Amino acid sequence: MMVFTLAAQGQGNTTPLRIIMIGAHPDDCDIDGGGTAILMASMGHAVKFVSVTNGDAGHQSQGGGALAKRRMAEAKEAGKRFGVTYDVLDNHDGELMPSLDVRLQVIRKIREWKADVVIAPRPNDYHPDHRYTGVLVQDAAYMVTVPNVAPDVAPLVKNPVFLYFQDGFQRPNPFRPDIVVDITPVIDKKIHAMAAHESQFFEWLPWIGGYAGEVPKDKSLWEPWLKKKMEREITEDLKKTLDKWYGSGRSASARFVEAFEVCEYGKQPSADDMRNIFPMVGK
Ligand SMILES: [Zn+2]
């Protein structure tokens, strides 16, 4: 009911845009931007997720091509549930380098999607694949408009808006929430879509995180358990930004949020541009 209300609110005052979210692994975009993607897609934007690696290292007892195939199938199912298309690039997990070869793969993906907005991690993160995905996407900014680079795919006429997913890393500088999206109305849908990555949320991540014993034996309890696991404190900083965009009072009811920072290397969006990119915040 709530979702319908939100979607209806956005109709008629939004120019449909093409959004591409780029993560290192099949499940990264889901975690960091999945709720926003559901809302964007329901309000008319075309959204694509890209995983730069095939996820073939993300398991304690499986690996290689068989794991890559399993994770590809999980990503496709997740994409259906989110309402986005999901591409997985065939680079090894845990071994990603910010090479020219992969930069060109990223440039082609952004161009082929004719992206107006690109969302990726910041290049400061504990995981080298996340870090280098941040570098690769930064390196693709501007270059997506240069015709002689990857000349087999038409360049973009305009440099897209580049945004960063939220993270908690403090050095060299902490994440700055330029916009915060209240995803509370779609949190159950987000969790259901994330749960398509069974190999991750119910096998690998609990194992590597040392909490495998917490995963419910009964599969029907998986999604409520995962939702509990995804609870995060909404800091004063996030609340302030939430109220700035939605109007004061929103932070009192928001339970789940996703935040984004504007990258300096793309088009610098005006406040109106941001409201068009994020129609769920309203006018
Ligand atoms: Zn990851």
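Attention in this report is confined to the structure presented alongside it. Keep in mind that this is a model prediction, so the values were computed, not measured.

## Looking at the pattern of salt bridges
As a working rule, side chains carrying opposite charge can pair if their charged atoms are close by.
Phase 1: Summed over all chains, the structure comprises 19 salt bridges.
Phase 2: With its nearest N and O atoms 2.7 Å apart, the salt bridge here joins Arg176 to Asp178.
Phase 3: Here Glu198 ties to Lys219 by a salt bridge, and the two come within 3.2 Å at their closest N and O atoms. One end of the pair, Glu198, is in helix α7 (residues 198-208); the other, Lys219, is in the loop between α7 and α8 (222-229), with 21 residues separating them in the sequence.

## Side note on the coordination of the zinc ion
Phase 1: At this site the zinc ion is bound by His25 (ND1), Asp28 (OD), Asp28 (OD) and His130 (NE2), with donor distances of 2.1 to 2.5 Å.
Phase 2: Here the zinc ion binds four donor atoms, and the angle range of 54 to 125 degrees at the metal identifies the geometry as irregular.

## Notes on the nonpolar core
Nonpolar side chains in soluble globular proteins tend to be buried together.
Phase 1: Membership of the largest hydrophobic core comes to 57 residues, with the highest contact counts inside it found for Phe49 and Phe278.
Phase 2: The element contributing the most residues to this core is helix α2 (residues 28-42), with five residues.
Phase 3: Those residues within four positions of Phe49 in sequence are excluded, and the remaining contacts are Met21, Cys29, Asp30, Gly34, Ala37, Phe82, Val84, Thr85, Tyr86 and Asp87.
Phase 4: Judged by nonpolar contacts, the second largest core, of 24 residues, contains Val118, Ala120, Leu136 and Val144.

## Thoughts on the packing of α2 against helix α6 (residues 187-194)
Phase 1: Orientation of α2 relative to α6, taken along the N-to-C sense of each, is 130 degrees, at an axis distance of 9 Å. Between α2 and α6, the crossing angle belongs to the class labelled oblique. In this structure, the crossing between α2 and α6 has a hand that is right-handed. Across the interface between the two elements, Asp30, Ile31, Gly34, Gly35 and Ile38 of α2 pack against Lys189, Lys190 and Met194 of α6.
Phase 2: Residue composition of the contact of α2 with α6, by class: three nonpolar, two polar and three charged.

## Re the pairing of strand β3 (residues 85-88)
Phase 1: Here strand β2 (residues 46-51) runs beside β3; their pairing, made up of four bridges, is parallel. Each bridged residue has a counterpart across the sheet, and for Val50 the counterpart in β3 is Asp87.
Phase 2: The parallel pair β2 and β3, bridged by helix α3 (residues 64-82), forms a crossover whose chirality is right-handed.

## Examining the sheet that holds strand β4 (residues 117-120)
Phase 1: Pairing within the open sheet is mixed, and its seven strands lie in the order β3-β2-β1-β4-β5-β7-β6. Both edges of this open sheet fall to β3 and β6 (179-182), since each of them pairs with a single strand only. Across this sheet, the average inter-strand angle for adjacent strands is 25 degrees, counted without regard to direction.
Phase 2: Across the sheet, α2 is in contact with β1 (18-23), β2, β3, β5 (161-165), β6 and β7 (257-262); its angle to β7 comes to roughly 95 degrees.
Phase 3: Contacts from α3 reach β2 and β3 within the one sheet, and its direction differs from that of β3 by about 160 degrees.

About the criteria used
- Residues numbered from 1 in each chain as written.
- Predicted model: local features only at pLDDT ≥ 70, side-chain atom pairs only at ≥ 80, totals over all residues.
- Heavy atoms only, no water.
- Salt bridge = Lys/Arg side-chain N within 4 Å of Asp/Glu carboxyl O.
- Helix = DSSP H or I, 4+ residues; strand = E, 2+ residues; numbered from the N terminus.
- Donors = N, O, S within 2.8 Å, 3.2 Å for Na, K, Ca; no water.
- Tetrahedral: all angles 85-135°; square planar, octahedral: opposite > 155°, others 65-115°.
- Core = buried A, V, L, I, M, F, W, Y, C linked by side-chain atoms within 4.5 Å.
- Buried < 20%, exposed > 50% of the residue type's maximum accessible area, 1.4 Å probe, protein only.
- Contact = heavy atoms within 4.5 Å.
- Axes fitted to C-alpha atoms, helices over the stretch in contact; angles between N-to-C directions.
- Parallel < 35°, antiparallel > 145°, perpendicular 65-115°, else oblique.
- Left-handed = near helix turned anticlockwise from the far one by under 90°.
- Nonpolar A, V, L, I, M, F, W, Y, C, P; charged D, E, K, R; others polar.
- Pairing = 2+ DSSP bridges.
- Right-handed = clockwise from strand over helix to strand, strands pointing away.

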